[in-house]
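# Overview (structure and organization)
Below, each chain spelled out in residue letters.
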Amino acid sequence: MWFYEKKLQYPVRVKECNPMLAKFLIEQYGGADGELSAALRYLNQRYSIPDKVVGLLTDIGTEEFAHLEMIATMIYKLTKDLTGEQMREAGLGGRYTDHDNGLFYENTDRTPWTAAYVQAKGDPIADLYEDIAAEEKARATYQWIINMSDDPWINDSLKFLREREVVHSQRFREAVEIIKEDQNTKKVF
Amino acid sequence: MTQKQLPEEFYPLLEELQATDFVLVELTLYLDTHPHDQAAIQQFNEFAHYRHQLKLRVEEYYGPLQQYGNSYSATPWNWNDSPWPWQI
Amino acid sequence: MKKAGISMKEFTQRKYYTPYISPFDPCPPIRVKSYETPPNLYLGFQPYHLPQFTPREALYHGTLWPALFSPYSNPYERGDDQ
């Protein structure tokens, strides 16, 4: 079971009304390497991995939902007071036609989120290497968004999220070390 | 729905809870891969104790932080009171 | 697995390379490209008792441990990619 806590993991502030930035941030909401994909990837892999790393997958997967809420907060604040015309001018006309100012799990080019983003091979090493790669890809995506954004407050939050990818990658690398150690010696009865 | 305005002193208190909880998140992930680090476990338990007290102070201003019985309610039921985290 | 106590300052967090430049490239060339090499590539299994940030510093760095901190800013503004 899960509990929601009514607070953000990190204080999110937005300096300027900038709908174009919202368009890019959607990538981390409903894109392949976004936070929704990350949360669902790790929580789903728990059922076919050695018990020693189930806690880690549970806790990182849970933290990803907190990151999803941070991204949603940025998009919400960037677009909540925009008119249809302003959305169109920012290149968000298609999105506005479909959703008004509502959020939707899609990437920056409006491709809807798909379960195909979530790999689960059922092989512990393959899955953990997938997770390490996913963290590095998400780290890179945050870098590219930071390179395009000139909102210092948004960039502050994005740097926090980027650093979390670094830490998660570290823990997944440690998880590989744990499951490759002696516990996997075949027991002969 | 009434528009609740949060007093100025709420914000640093929330920040302190966020900082405390962040230490707990970091120690949780660390302990998931370092289950025998006694010093880290002790630090985790100390922070867990402190966050429990801090939570009660934040809730005096903000209302319940969790539900399903993990926070107490005022009358009327105040879980649904604005602002939500993305609105603050 | 690395042993505890190893120095964490033996690496840089950014590397550079020089892409091939053709006389027929249509855009002004970026002569030096950078890429990030964060601490998780070097730390190995995290040793016990690493120095920590204070809680507030930790929050604003995104990690509790300076050894895992990876600073980042726009490389074009930094002047790294030019």
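Owing to the predicted nature of the structure, the values given are computational and were not obtained by experimental measurement. (Residues numbered from 1 in each chain as written. Chains lettered and ligands numbered in written order. Predicted model: local features only at pLDDT ≥ 70, side-chain atom pairs only at ≥ 80, totals over all residues.)

## Some details on the overall build of chain B
Looking only at helices and strands, chain B features 2 helices and 0 strands. Along the first, second and third principal axes, the C-alpha set of chain B runs to 50 × 25 × 20 Å. The buried share of chain B, taken over its 88 residues, is 20%. The long-range share in chain B, meaning contacts at least 24 apart out of those at least 6 apart in sequence, stands at 51%. (Helix = DSSP H or I, 4+ residues; strand = E, 2+ residues; numbered from the N terminus. Buried ≥ 20, exposed ≤ 12 C-beta atoms within 10 Å, placed from the backbone. Contact = placed C-beta atoms within 7 Å.)

## Some details on the interface of chain A and chain B
Think of interface size as the accessible area that goes away when the parts come together; that is how it is often given. On the side of chain B, 16 residues touch chain A, which itself brings 23 residues to the contact. Those elements that place two or more of their residues in the side of chain A that touches chain B are helix 4 (54-79) and helix 8 (152-180) of chain A. When the residues that make up the side of chain A that touches chain B are grouped by side-chain class, the tally is 12 nonpolar, 3 polar and 8 charged. (Nonpolar A, V, L, I, M, F, W, Y, C, P; charged D, E, K, R; others polar.)

## Structural notes on the UniProt feature "binding site: Ca(2+)" (unreviewed entry) in chain A
When the UniProt feature table is mapped onto this chain, "binding site: Ca(2+)" (unreviewed entry) is found at D59 of chain A. On the secondary structure map, D59 of chain A appears in helix 4. According to the C-beta neighbour criterion, D59 of chain A is partly exposed, with 18 such atoms within 10 Å. Setting aside residues up to four positions removed in sequence, D59 of chain A forms contacts with T28, L29 and D32 of chain B. (UniProt positions renumbered as here; feature names shortened; annotations may be inferred.)

## So, the nonpolar core
In this structure, L25, Y29, M70, I71, M74 and I75 of chain A together with A58 of chain C are the most contacted members of the largest nonpolar core, which totals 54 residues. Elements with a contribution of two residues or more to this core: helix 1 (19-25), helix 3 (35-45), helix 4, helix 7 (124-148) and helix 8 of chain A, helix 1 (10-33) of chain B together with helix 1 (55-61) of chain C. Apart from the residues within four sequence positions on either side, M74 of chain A is in contact with V12, V14, L25, I154 and S157 of chain A. (Core = buried A, V, L, I, M, F, W, Y, C linked by C-beta atoms within 7 Å.)

## So, the interface of chain C and chain A
Each partner contributes residues to the interface: chain C has 18 residues there, and chain A has 16 residues. In the side of chain C that touches chain A, the residues fall into 10 nonpolar, 7 polar and 1 charged.

## Thoughts on the UniProt feature "binding site: Mn(2+)" (unreviewed entry) in chain A
All names here are of chain A. Mapped onto this structure's residue numbering, the UniProt feature "binding site: Mn(2+)" (unreviewed entry) falls at E35, E64, H67, E135 and H168. For the annotated residues, spread through 134 residues, the largest C-alpha to C-alpha distance comes to 12.9 Å, consistent with a single compact locus. Structurally, E135 can be placed in helix 7. Residues within four places of E135 in sequence aside, it is in contact with E165, H168, S169 and F172. Within the fold, H168 resides in helix 8. Taking the number of C-beta atoms within 10 Å as the measure of exposure, H168 has 27 and is therefore buried. Residue contacts for H168: discarding those within four places in its chain leaves I60 and E135.

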